[in-house]
Amino acid sequence: MGEGIAKDNMDILPSEEEQLLKNAAREFLEAEVSTALVREMELDENGYPPALWQQMADLGWLGLAIPEQYGGQGLPLTYMGLVMEELGRVLAPVPLHSTMVAALTVAESGSEEQKRDLLPAVCSGSMVMTWAVIERDPRLIPSAIVQQTQPDGEGWILNGEKMFVDNFNVARSCLVAARTAPASDDNEGISLFLIDPNGVGVSQTPLVTIAKDKQSRVSLNNVRVTSTDLVGELHNGWPIVERMLERATALLCCQMLGATRKDADMAIEYAKNRVAFGRPIAAFQSIQHMCADMILFTDGVQLLTYEALWKMDQGMPAGVEVSQAKAFANEKCEAVVRQSQVIHGGIGFMMEFDLHLWLRRVSAWTMRLGTTFDHRARIASALLDRPGKVRLGLPLPV
């Protein structure tokens, strides 16, 4: 089904088929996801409603970009991006981002056995997945991964901690990046393993975040894995992790885009109806300028994000484009939600008022998967034509 759908020339505007998906997703999510549900899931132990998750599986969303032979539809990544954008718009409390990031990595680099075991379950809605890379050093570079791995016969023993792991409390499988050898000229010494979040020696501590989502500090204490759990080649897992992080970042930008555009829409509508000094506040030039900036910033995020997704779909290097999108989104999405607060005034900061839900989540997402400084540094490195291929996760040459 997915063959021949990818566009030959870059066009960030959705095709007719993509627009149909986007419209259907918006109609469904606006009917099913209310702010009351979002608030309820902030307090829920699992953090998502299983019934909604199953509905999404029944609609085929969980398998959009999964190959057809494993129960998916084999569509380009832009289709998943459009769904992620609509999820962000309503702040849908579902573990789609973490599941897709891990599942698409298995689809790309996993063994045939791993694909058969995991991907059909993801498509059916019976499998939530996640991934764990970040440790105490939050930089997305190989040297930041120091988690200890010891050979043990035909397997390995994992020890250490991972930080800010999404939806680990409900995941049935987790991709873990671990150091299996010192870095060398041949490889970075990083390997990627699948672990059972409920396995022996695995524990998690919930983390309190401003988004009130479900993130955990994951502790691994003598967790044994075997060759069947290894994704890709031993010691050569960093290129796989790198591509995984690129997809994760681009899809997160889609969520940020959807949430930010909704926030801007609410602010503009409020400005049209809020009367002060005998006229709508939208009549004041300062408010008009803020509203104009909101649309300019949001459209810019859309352009850069879908350019990155398009390049991924074409099999082209997209690390610089991903960094452009995330660096811009980090600053401009945050600016939009803050300006929206200004337009709404003090009411926007009241816990009972829904606007702050979007502020909290967008602000949290800007701090994930690379700071503006990190991504700008990588873009600058490419502009200066420094040695080496500049992609997300590579340190700057010195």
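None of the values given here were measured: they were computed from a predicted structure.

Chemist: Account for the pairing of strand β7 (residues 215-226), naming residues and giving values.
Modeler: Both strand β3 (residues 155-166) and β7 contribute to a ladder of 9 bridges, which runs antiparallel. Within β7, the position partnered with glutamate 161 by the bridge is serine 219. Two elements, strand β6 (residues 202-207) and β7, share 6 bridges in a ladder whose sense is antiparallel. Across the sheet, residue threonine 205 finds its bridge partner in β7, namely arginine 217.

Chemist: Quick rundown of the nonpolar core? Include the residues and the values.
Modeler: For soluble globular proteins, the rule of thumb is that nonpolar side chains tend to be buried together. Among the nonpolar cores identified, the biggest contains 94 residues, and Met56, Leu87, Leu96, Met129, Trp131 and Leu175 are the most heavily contacted of them. If you tally residues by element for this core, the top one is helix α7 (residues 238-273), at 14 residues. Sequence-distant contacts of leucine 96, defined by excluding residues within four places in its chain, comprise Trp53, Met56, Leu62, Met80, Val83, Met84 and Leu87. If you look at the next biggest cluster of nonpolar residues, it comprises 16 residues, including Phe193, Val202, Val218 and Leu230.

Chemist: I'd like to hear about the sheet that holds β3, residue by residue, with values.
Modeler: One open sheet accounts for 4 strands, arranged β2-β3-β7-β6; its pairing is antiparallel. With one partner strand each, in any of the chains shown, β2 (148-152) and β6 form the two edges of the open sheet. Each neighbouring strand pair of the sheet contributes to a mean axis angle of 15 degrees, computed without reference to strand direction.

Chemist: Describe the packing of aromatic side chains, with residues and values.
Modeler: Per the counting criterion, the structure on display carries 3 aromatic pairs. Centre to centre, the rings of phenylalanine 28 and tryptophan 61 are 5.5 Å apart; their planes meet at 90 degrees, and the pair counts as edge-to-face. A residue pair is termed long-range when its members are at least 10 positions apart, and phenylalanine 28 in helix α1 (residues 16-32) and tryptophan 61 in the loop between α3 (50-58) and α4 (77-90) qualify at 33 residues. With respect to class, phenylalanine 28 is no different from tryptophan 61; both count as buried. Ring centres of tryptophan 156 and phenylalanine 193 lie 5.4 Å apart, and the angle between their planes is 50 degrees; this geometry places the pair in the tilted category. Of the two residues, tryptophan 156 sits in strand β3 while phenylalanine 193 sits in strand β5 (residues 190-195), which places them 37 residues apart along the sequence. Summarising the burial analysis for this pair, tryptophan 156 and phenylalanine 193 share the class buried. Sitting over the face of the ring of phenylalanine 297, lysine 332 holds its NZ or CZ atom 4.6 Å from the ring centroid.

Chemist: So what about helix α10 (residues 355-366)? Which residues, and what values?
Modeler: With 12 residues, α10 extends 17 Å between its outermost C-alpha atoms, agreeing within 8% with the 16 Å of an ideal straight helix rising 1.5 Å per residue. With respect to burial, α10 is a largely interior element, 12 of its 12 residues being buried. For α10, every residue scored as buried is listed here: Leu355, His356, Leu357, Trp358, Leu359, Arg360, Arg361, Val362, Ser363, Ala364, Trp365 and Thr366. Residues of α10 that are buried make contact with α2 (35-43), α4, α7 and α9 (319-344).

Chemist: An account of the packing of α4 against helix α5 (residues 96-109) is needed here, citing residue identities and associated values.
Modeler: It is the contact of α4 with α5, at a shortest axis distance of 11 Å, that shows an interaxial angle of 165 degrees. With respect to each other, α4 and α5 are oriented roughly antiparallel. Crossing of α4 against α5: the hand is left-handed. Note on element contacts: α5 touches α4 through Leu96, His97, Met100 and Leu104, opposite Leu77, Met80, Val83, Met84 and Leu87.

Chemist: Describe in detail unusual backbone geometry, supporting the description with residues and values.
Modeler: With a phi angle near 55 degrees, asparagine 167 is a residue other than glycine that sits in the positive phi range. Note that asparagine 167 resides in the loop between β3 and β4 (173-179). With a phi angle near 55 degrees, leucine 369 is a residue other than glycine that sits in the positive phi range. Here leucine 369 lies in the loop between α10 and α11 (372-383).

Chemist: Tell me about the pattern of salt bridges, residues and numbers included.
Modeler: As enumerated under the stated definition, the model contains 19 salt bridges in all. Close ionic contact of glutamate 108 with arginine 243 constitutes a salt bridge, the shortest N to O distance being 3.0 Å. Pair noted here: glutamate 108 is in helix α5 and arginine 243 is in helix α7, with a separation of 135 residues, a long-range link. On the basis of relative accessible area, glutamate 108 is assigned to the partly exposed category, the value being 36%. Its relative accessible area of 25% is what places arginine 243 among the partly exposed residues. Across the salt bridge formed by arginine 338 and glutamate 334, the nearest N and O atoms sit 2.7 Å from each other.

Criteria and cut-off values
- Residues numbered from 1 in each chain as written.
- Predicted model: local features only at pLDDT ≥ 70, side-chain atom pairs only at ≥ 80, totals over all residues.
- Heavy atoms only, no water.
- Pairing = 2+ DSSP bridges.
- Helix = DSSP H or I, 4+ residues; strand = E, 2+ residues; numbered from the N terminus.
- Core = buried A, V, L, I, M, F, W, Y, C linked by side-chain atoms within 4.5 Å.
- Buried < 20%, exposed > 50% of the residue type's maximum accessible area, 1.4 Å probe, protein only.
- Contact = heavy atoms within 4.5 Å.
- Axes fitted to C-alpha atoms, helices over the stretch in contact; angles between N-to-C directions.
- Phe/Tyr/Trp six-rings, centres within 6.5 Å; stacked < 30°, edge-to-face > 60°.
- Lys NZ or Arg CZ within 6 Å of the ring centre and 35° of its normal.
- Expected span 1.5 Å × (residues − 1).
- Parallel < 35°, antiparallel > 145°, perpendicular 65-115°, else oblique.
- Left-handed = near helix turned anticlockwise from the far one by under 90°.
- Salt bridge = Lys/Arg side-chain N within 4 Å of Asp/Glu carboxyl O.

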